[in-house]
Amino acid sequence: MNIVQEKTGELTANIKINLTPDDYQSKVEKAIKDLQKKAQMPGFRPGKVPMGMVKKMYGRSVLVEEVNKVLVDGMYDYIKENNLNILGNPLPDNEKTKEIDWDKETEFEFYYEIGLSPEIAIKLNDAISVDYHKIKVDEKVVDDTIEDIRKRNGLFIYPEISAEEDVLAGELAELDGNLTGLEGGLKNKTNIYVQFLKDVEIKQALSGKKVGESVVIDLLKAVENETEMASMLGIKKEELANYGKDYRFTIESISRREPAELNEELFSKVAPDTEIKDEKSFRQYISEQIGKQYQAEVDRNFRNEAIKVILTKANLKLPEEFLKRWLIESNRENKEITPEQVEKEFTSYGDSFKWQLIENYLIKEYGLDVSHTEVNDYLRNYMRMQLKQYGQDNPGDELLDSFVKRITGNKDELKKVYDQLFDEKVLKLLKEKLNLVEKEVTFEEFLEEIKEKYKNNNPTQE
């Protein structure tokens, strides 16, 4: 086998491969012998079909298959031995590779086009500045969160007079056009969550009522949602046209969740791993938890902005025409990715290629690694958090080990975990090495800034 590389551009090259019978003939003969052992033909015992007949039947297809195997193995061995950092995969150069007569030719010449990775030499340091938002947690958000916690952990009481925060259980009875009872009309038991109704007047009408009292309501006006209206009436949405919109709701019970007291019992329930004793400490804890929820959005934005800055500074060149062809060829079965789409969106594709190259370079340059222990610990902690949501605070090692074994035994799932952990390490590296220009804003201001930035970057998306 003779392999020659010829540069065709700054970041492209052709690989010319010449094969002779010495490269493939022994493999072809072995494959045919293996076929002879399995071949079955009328008049011959299994495995006793004459070699000549086997060659006549399968020789050409075996030759093509074995030549292709030798060709691909030889090409990738050459790429590895010569330390070629290629992008995508080699693509057949059909213009240079002539059509082969497999019945007559014994020496073959193939051409492949390859795209080469650009050299990367970027260093992360404080000369690279990136905005980093520090979210100031609004006191009203803390107030609203604590109020919601109190309600969710409160106890139900059953007052005599209804109010807007109550749940009313009762019966809906269909009315006619004169708002009087409709004989044979639809009736259904349901619950009405007064605070979630859309119409203010209907909310007020349902407040200040006792068990046994009735209120006439326009149900569609009350909920402004046909699906919800159908559910309250106990029918299918497509059946709504058969019924009216006005109903008499008769109250059968009134329930209200009384907010829990702000005391150590509540603090311990909400934050079991802390020793919070007073409301001030509890507010601080809630504020910190809200901040952590915001942090994921902040970090995601920081990462995106850091990537933009680093891509600009690195100023990498790509073999664009090769990559366009490779994207089209490798996605021929995916009809959603068309040549027109590749051409239109190549800037985005190109930036993804560039960042992948830079990220791999940073992982190697700064010695980032993810160990098996880290993977196992991540999975165990993830499972603990999931089980904790369902009230299981101390899962046994057997259950955790079983989960870890199941995920690590699935290549796709395992890759996702490794990618996640590498992403976290790269994010940490960017935070440590770059100059973070901190901007203190509320979360609403942060979201508005991102919205405006997206709008400016996508002016057609109005």
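Provided above is the structure to which this section pertains.
Bear in mind the structure is a predicted one, so any value in this text is a computation, not a measurement.

Focus on the packing of aromatic side chains
Tallied over the entire structure, the rule returns 10 aromatic pairs. Grouped by ring-pair contacts, the aromatic residues Tyr 24, Trp 102, Phe 108 and Phe 110 constitute a single cluster.

Re the side chain of Arg 256
Considering the arrangement of structural elements, one finds Arg 256 in strand β10 (residues 246–258). Residue classification places Arg 256 among the buried positions, given a relative accessible area of 16%. From its side chain, Arg 256 meets the backbone oxygen of Ile 161 in a polar contact 3.1 Å long.

Examining the sheet that holds strand β2 (residues 12–19)
The strand order β1-β2-β4-β3 describes an open sheet built from 4 strands, whose pairing is antiparallel. Both outer strands of the open sheet, β1 (2–9) and β3 (86–92), are each paired with one neighbouring strand and no more. Ignoring strand direction, the axes of neighbouring strands in this sheet form an average angle of 25°. Contacting β2, β3 and β4 (108–116), helix α9 (residues 320–330) runs over the sheet at an angle of about 70° to β3.

Here's the deal with helix α8 (residues 279–314)
The first and last C-alpha atoms of α8 sit 51 Å apart over 36 residues, in line with the 52 Å expected at 1.5 Å per residue. Structurally, the start of α8 carries an N-cap: the backbone nitrogen of Lys 280 is 3.2 Å from a side-chain oxygen of Asp 278. At the C-terminal side of α8, Asn 315 shows a positive phi close to 50°.

Comments concerning the environment of Gln 389
Structurally, Gln 389 is set in the loop between α12 (372–388) and α13 (397–408). For the pair formed by Gln 389 and Leu 266, sequence separation is 123 residues and the distance between their alpha carbons is 17 Å.

Topic: empty space enclosed by the protein
Under the counting rule described, the total for this entry stands at 1 cavity of 30 Å³ or more. Taken as a whole, the largest cavity spans an internal volume of roughly 30 Å³. Lys 98, Ile 100, Glu 105, Glu 107, Phe 108 and Glu 109 are the residues that line the largest cavity. Partitioning the lining of the largest cavity into residue classes produces 2 nonpolar, no polar and 4 charged.

Notes on the packing of α12 against helix α14 (residues 411–433)
Running from amino to carboxyl end, α12 crosses α14 at an angle of 100°, the nearest separation of the two axes being 11 Å. With respect to their mutual orientation, α12 and α14 come out roughly perpendicular. Contact residues: α12 offers His 372, Glu 374, Val 375, Tyr 378 and Leu 379, while α14 offers Leu 414, Val 417, Tyr 418, Gln 420, Leu 421, Glu 424 and Lys 425. Class assignment of the residues belonging to the contact of α12 with α14 gives a composition of 7 nonpolar, 2 polar and 3 charged.

Some thoughts on helix α2 (residues 51–81)
Three or four residues apart is the spacing at which side chains of an α-helix point the same way, because the helix has 3.6 residues per turn. Between its terminal C-alpha atoms α2 stretches only 38 Å, short of the 45 Å expected from 31 residues at 1.5 Å a residue. Of all the bends in α2, the largest measures some 60° and sits at Tyr 58. Every buried residue of α2 is accounted for by Val 54, Gly 59, Val 62, Leu 63, Glu 66, Val 67, Val 70, Leu 71, Gly 74, Met 75, Tyr 78 and Ile 79. Of the surrounding secondary structure, the elements contacted by the buried residues of α2 are β1, β2, α1 (21–38), β3 and β4. Among the residues trailing α2, Asn 83 stands out with phi positive, at a value near 50°.

Details of the pairing of β1
Sheet analysis places β1 next to β2, joined by 7 bridges and oriented antiparallel. Bridge pairing in β2 places Asn 2 opposite Asn 18. Where β1 folds back on β2, the antiparallel hairpin that results is connected by 2 residues.

Observations concerning the pattern of salt bridges
Per the stated rule, a full pass over the model turns up 33 salt bridges. Of the charged contacts, one joins Glu 297 and Arg 300 as a salt bridge, the two residues approaching to 2.9 Å between their closest N and O atoms. Here the residue Glu 297 and the residue Arg 300 both occupy positions in helix α8, the gap between them amounting to 3 residues, near one helical turn. You can call Glu 297 partly exposed: its relative accessible area is 34%. When salt bridges that share partners are traced, they join Glu 65, Glu 66 and Lys 69 into one network.

Thresholds, definitions, all that
- Residues numbered from 1 in each chain as written.
- Predicted model: local features only at pLDDT ≥ 70, side-chain atom pairs only at ≥ 80, totals over all residues.
- Heavy atoms only, no water.
- Phe/Tyr/Trp six-rings, centres within 6.5 Å; stacked < 30°, edge-to-face > 60°.
- Helix = DSSP H or I, 4+ residues; strand = E, 2+ residues; numbered from the N terminus.
- Buried < 20%, exposed > 50% of the residue type's maximum accessible area, 1.4 Å probe, protein only.
- Polar contact = N/O pair within 3.5 Å; in protein donor to acceptor, adjacent residues only side chain to side chain.
- Pairing = 2+ DSSP bridges.
- Axes fitted to C-alpha atoms, helices over the stretch in contact; angles between N-to-C directions.
- Contact = heavy atoms within 4.5 Å.
- Expected span 1.5 Å × (residues − 1).
- 1 Å grid on protein atoms, 1.4 Å probe; cavity = no way out; pocket = protein on both sides within 12 Å on 5 of 7 lines; lining within 4 Å.
- Points joined across faces, edges and corners; volume = space filled by probe spheres on them.
- Nonpolar A, V, L, I, M, F, W, Y, C, P; charged D, E, K, R; others polar.
- Parallel < 35°, antiparallel > 145°, perpendicular 65-115°, else oblique.
- Bend = angle between axes of the 7 residues up to and from the residue.
- Salt bridge = Lys/Arg side-chain N within 4 Å of Asp/Glu carboxyl O.

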